[in-house]
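Per-entry structural report
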Amino acid sequence: MLRGARDWWFLGPGGVARLGARHVTADGSLRPEAERRLRDSGMFTPATVRAYALTVLTSTHCNLGCGYCFQNTAQDLAGGSRPPRIARTRLTSETITSILGFTERRMAAVGLEKLRILLFGGEPLLNPRGCLELLERAADIAPTSAWMISNATLLSPSLARRLHERGLTSVQVTFDGDRDDHDRIRVGRADGSGTFDKIVRNIVKASEATPLRWTLRVNVSQETFHGVDALIDRLATALDPGRCTLYFARVGDVGVGFANSLLHTGELSAAFTRWQRRALGLGFTVNRPGGRKTCVTCGHTDGRYGAVVSADGTLASCWETAGKPDWEVGTVTDGYLPSAETGDRWIACQDLYSYDEDARTLARFRDTVDTALLDHLHETGRL
């Protein structure tokens, strides 16, 4: 339950509902009749899982050198763009065979007939052949759709078209603030060159060649905060907002040696709300706030509805631990290890908000952002 500017909002596993004062007690609890109606309408019930969620790292190598990356094993001691990373592996035809055999068995065990694949890395397009082969062969075992998280520096129109023909529907691309900040932070690993204009150009050309949709993740830190307003306007001018979702994300302290000093303050909350309103006004989609939901892939300790597979066929509980030594929870050849062995290695998305007091502060910060955006979405008829 969250209090908005005028009304109350219920965020549950089954959706979002706007409530009036008559539905809520003085201390912010649901009244019995309101709770009954919400339960009857399915707001307390998680959505039915309809597809097996398979994340595959087609390459653990990356052509960029971002200091905050959770796959770094240390910072670049020379102060450049080449931080040491997790071991380099590359998806092969043999491993694809093992992955798809594992996937088919897991889908049969839970009675799922559709497959949703996430192409992940490193940078997945450092192995385009692996991406294409995986999608093409996956279609033989189940109706398949796919999405990809990529830096888009290697995405040509012809490759975008071939991926789309094999089921790719959307791509998530990250921007680290406006052009100058982005080019200082998100740089080419080989030569330290900026990447902003190349990424935008590749998205434009891929959009001309395919109907792909785009999720543009905007990383927010002390290094990028001041440029986000200009970035939104720049992206609206360069891209088609109608095909893009803007997603604003505070960069967590997940990179080895990296710290985000941007504090959870009312100023930061107000900035997130301002950015979301501006994005909506320019025609972008923004993610509608919702209740915390169990991740299909990592939210079940037995990997019931999905799996994260590194390029060498090892299983991880979550993308965050994929490719990291001592965090494996099995292999696609032998299956998951016994839960007694994986209990301390099973990291799930929702765990990121329960480590310490700072994480609980983050949850309250998200609540503040959520209510402001929900109020605005309702006022503009988009909710």
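Residues numbered from 1 in each chain as written. Predicted model: local features only at pLDDT ≥ 70, side-chain atom pairs only at ≥ 80, totals over all residues. Heavy atoms only, no water.

1. Considering the side chain of aspartate 176
Just so we agree on the cut-off: Runs of H or I in DSSP of at least four residues are treated as helices and runs of E of at least two as strands, each being numbered from the N terminus. N or O atoms within 3.5 Å of each other form a polar contact, as long as, within protein, one can give a hydrogen and the other can take it, and as long as residues adjacent in sequence are counted only when both atoms are side-chain atoms. Contacts between residues were defined by any pair of non-hydrogen atoms, one from each residue, lying within 4.5 Å.
Note on placement: aspartate 176 falls in the loop between strand S7 (168-175) and helix H5 (179-185). In this structure the side chain of aspartate 176 is engaged in a polar contact, spanning 2.7 Å, whose partner is the side chain of tyrosine 68. A distance of 3.2 Å separates polar atoms of two side chains, one belonging to aspartate 176 and the other to asparagine 219. Discounting chain neighbours no more than four positions away, the residues touching aspartate 176 are Tyr68, Asp181, His182, Ile185, Arg186, Asn219 and Thr224.

2. Points about the packing of aromatic side chains
This is how the line gets drawn: Geometry of aromatic contacts follows a simple scheme: Phe, Tyr and Trp rings, the Trp one being its six-membered ring, pair when their centres are within 6.5 Å, and the pair is stacked under 30 degrees between planes, edge-to-face over 60, tilted otherwise. Whether a residue is buried, partly exposed or exposed follows from its accessible area with a 1.4 Å probe, protein chains only, as a fraction of its type maximum: under 20%, in between, or over 50%, in that order. Criterion for a charge above a ring: Arg CZ or Lys NZ at most 6 Å from the ring centre, at most 35 degrees from the ring normal.
For the structure on display, the rule yields 8 aromatic pairs. A ring pair is formed by phenylalanine 10 and phenylalanine 44, whose centres lie 5.0 Å apart and whose planes are at 45 degrees; its orientation type is tilted. Of this pair, phenylalanine 10 sits in strand S2 (residues 8-12) while phenylalanine 44 sits in the loop between helix H1 (32-40) and strand S4 (52-57), and the two are 34 residues apart along the sequence. What makes phenylalanine 44 partly exposed here is its relative accessible area of 26%. An aromatic cluster of three or more residues is present, and its members are Phe225, Phe248, Phe272 and Trp275. One residue, arginine 39, lies across the ring of phenylalanine 44, its end atom 3.9 Å from the ring centre.

3. Some remarks on helix H6 (residues 196-209)
Because an α-helix packs 3.6 residues into every turn, residues spaced three or four apart end up facing the same way. For the record, the criterion: Expected helix span is taken as 1.5 Å per residue step, with the number of steps being one fewer than the number of residues. In this context, the arc is that of the directions from the helix axis out to the C-beta atoms.
With 14 residues, H6 extends 20 Å between its outermost C-alpha atoms, agreeing within 8% with the 20 Å of an ideal straight helix rising 1.5 Å per residue. Those residues of H6 that sit buried are Phe196, Ile199, Val200, Asn202, Ile203, Ala206 and Ser207. With its buried residues spanning 160 degrees around the axis, H6 presents them on a single face.

4. Side note on the nonpolar core
The condition that has to hold: Residues belong to one nonpolar core when they are buried, are Ala, Val, Leu, Ile, Met, Phe, Trp, Tyr or Cys, and are joined through side-chain atoms within 4.5 Å.
Counting residues in each nonpolar core, the largest one holds 70 residues, and the members touching the most others are Leu163, Phe175, Trp214, Leu216 and Leu235. Leu19, Val24, Leu38 and Met43 belong to the second largest nonpolar core, which has 9 residues in total.

5. Regarding the sheet that holds strand S1 (residues 2-3)
Heads up, the rule is: For two strands to count as paired, DSSP must find a minimum of two bridges between them.
Here 3 strands make up an open sheet; going across it, the order is S1-S2-S3 and the pairing antiparallel. Of all strands in the sheet, those bounded by a partner on one side alone are S1 and strand S3 (15-19). Note that S2 and S3 share 5 bridges and pair antiparallel. Across the sheet, the residue bridging to glycine 12 is glycine 15, located in S3.

6. A short note on the pairing of strand S5 (residues 115-120)
We apply this condition: Crossovers are marked right-handed if the path from the first strand over the helix to the second runs clockwise, as seen with the strands pointing away from the viewer.
Across the 6 residues that make up S5, a large majority, 5, are buried. Two elements, S4 and S5, share 6 bridges in a ladder whose sense is parallel. The residue of S5 that forms the bridge with leucine 54 is isoleucine 117. Between the parallel pair S4 and S5, the chain is carried across by helix H2 (residues 93-110), and the sense of this crossover is right-handed. Bridge count for S5 against strand S6 (residues 144-149) is 5 bridges, and the pairing is parallel. Residue leucine 118 lies in a different strand from S6, and its bridge partner there is tryptophan 147. Regarding the hand of the β-α-β motif, the stretch spanning S5, helix H3 (residues 128-138) and S6 is right-handed.

7. Some details on the confidence of the model for the chain
Caution applies to low-pLDDT parts of the model: their predicted coordinates are not meant to be read in detail. Worth spelling out the cut-off: The quantity known as pLDDT measures the predictor's confidence residue by residue, on a range of 0 to 100.
Across the chain, the average pLDDT comes to 88, with 89% of residues at or above 70. Scored below 50 in pLDDT, residues 352-368 shows 18 contacts in the model against residues more than four places distant or in partner chains.

8. Here we look at the packing of H2 against H3
Short version of the rule: Each axis is a line fitted through C-alpha atoms, taken for helices only over the stretch in contact, and angles between the N-to-C directions span 0 to 180 degrees. Left-handed is the label given to a crossing in which the near helix is rotated counterclockwise from the far helix by less than a right angle, and right-handed is the label when the rotation is clockwise.
Their axes nearest at 10 Å, the elements H2 and H3 cross at an angle of 35 degrees. At the point where H2 passes H3, the crossing takes the right-handed sense. Of the residues in H3, those touching H2 at Ser93, Ile96, Thr97 and Leu100 are Gly130, Glu133, Leu134, Arg137 and Ala138.

9. Focus on the pairing of S2
Judged by how many residues are buried, S2 sits mostly within the fold: 5 of 5 residues are covered. Side chains Trp8, Phe10 and Gly12 project from S2 onto one buried face, and the interleaved Trp9 and Leu11 project onto a second face that is buried too. Bridging between S1 and S2 involves 2 bridges; their strand directions are antiparallel. Each bridged residue has a counterpart across the sheet, and for leucine 2 the counterpart in S2 is tryptophan 9. Linkage of S1 to S2, two consecutive antiparallel strands, is achieved through a turn of 4 residues. Connecting the antiparallel pair S2 and S3 is a turn made up of 2 residues.

10. Observations concerning the packing of H3 against helix H4 (residues 157-165)
The axes of two packed helices give the description: the angle between them and the distance between them. How we decide: For classification purposes, an angle smaller than 35 degrees is called roughly parallel, one larger than 145 roughly antiparallel, one from 65 to 115 roughly perpendicular, and anything else oblique. Under the scheme applied here, ten amino acids are nonpolar (Ala, Val, Leu, Ile, Met, Phe, Trp, Tyr, Cys and Pro), four are charged (Asp, Glu, Lys and Arg), and all others, including Gly, are polar.
Where H3 meets H4, the axes come as close as 9 Å, and the angle between the chain directions of the two elements is 20 degrees. Taken together, the axis directions place H3 and H4 in an arrangement best described as roughly parallel. Crossing of H3 against H4: the hand is left-handed. Mapping the contact onto sequence places Pro128, Cys131, Leu132 and Leu135 in H3 and Leu159, Arg162 and Leu163 in H4. For the contact of H3 with H4, a count of residues per class yields 6 nonpolar, no polar and 1 charged.

11. Examining the sheet that holds strand S14 (residues 335-336)
Strand order in this open sheet of 11 strands is S10-S9-S8-S7-S6-S5-S4-S11-S12-S13-S14, and the pairing throughout is mixed. Where the open sheet ends on each side, the last strands, each with one partner, are strand S10 (285-286) and S14. Where H6 meets the sheet, its contacts fall on S7 and strand S8 (213-220), and the angle it forms with S7 comes to roughly 165 degrees.

12. A short note on unusual backbone geometry
A cis amide bond, omega 15 degrees, links glycine 121 with the succeeding residue glycine 122. At alanine 152, a residue that is not glycine, the phi angle is positive and equals roughly 70 degrees. Take alanine 152: it is sitting in the loop between S6 and H4. On the basis of relative accessibility, which here comes to 0%, the residue alanine 152 falls in the buried class.

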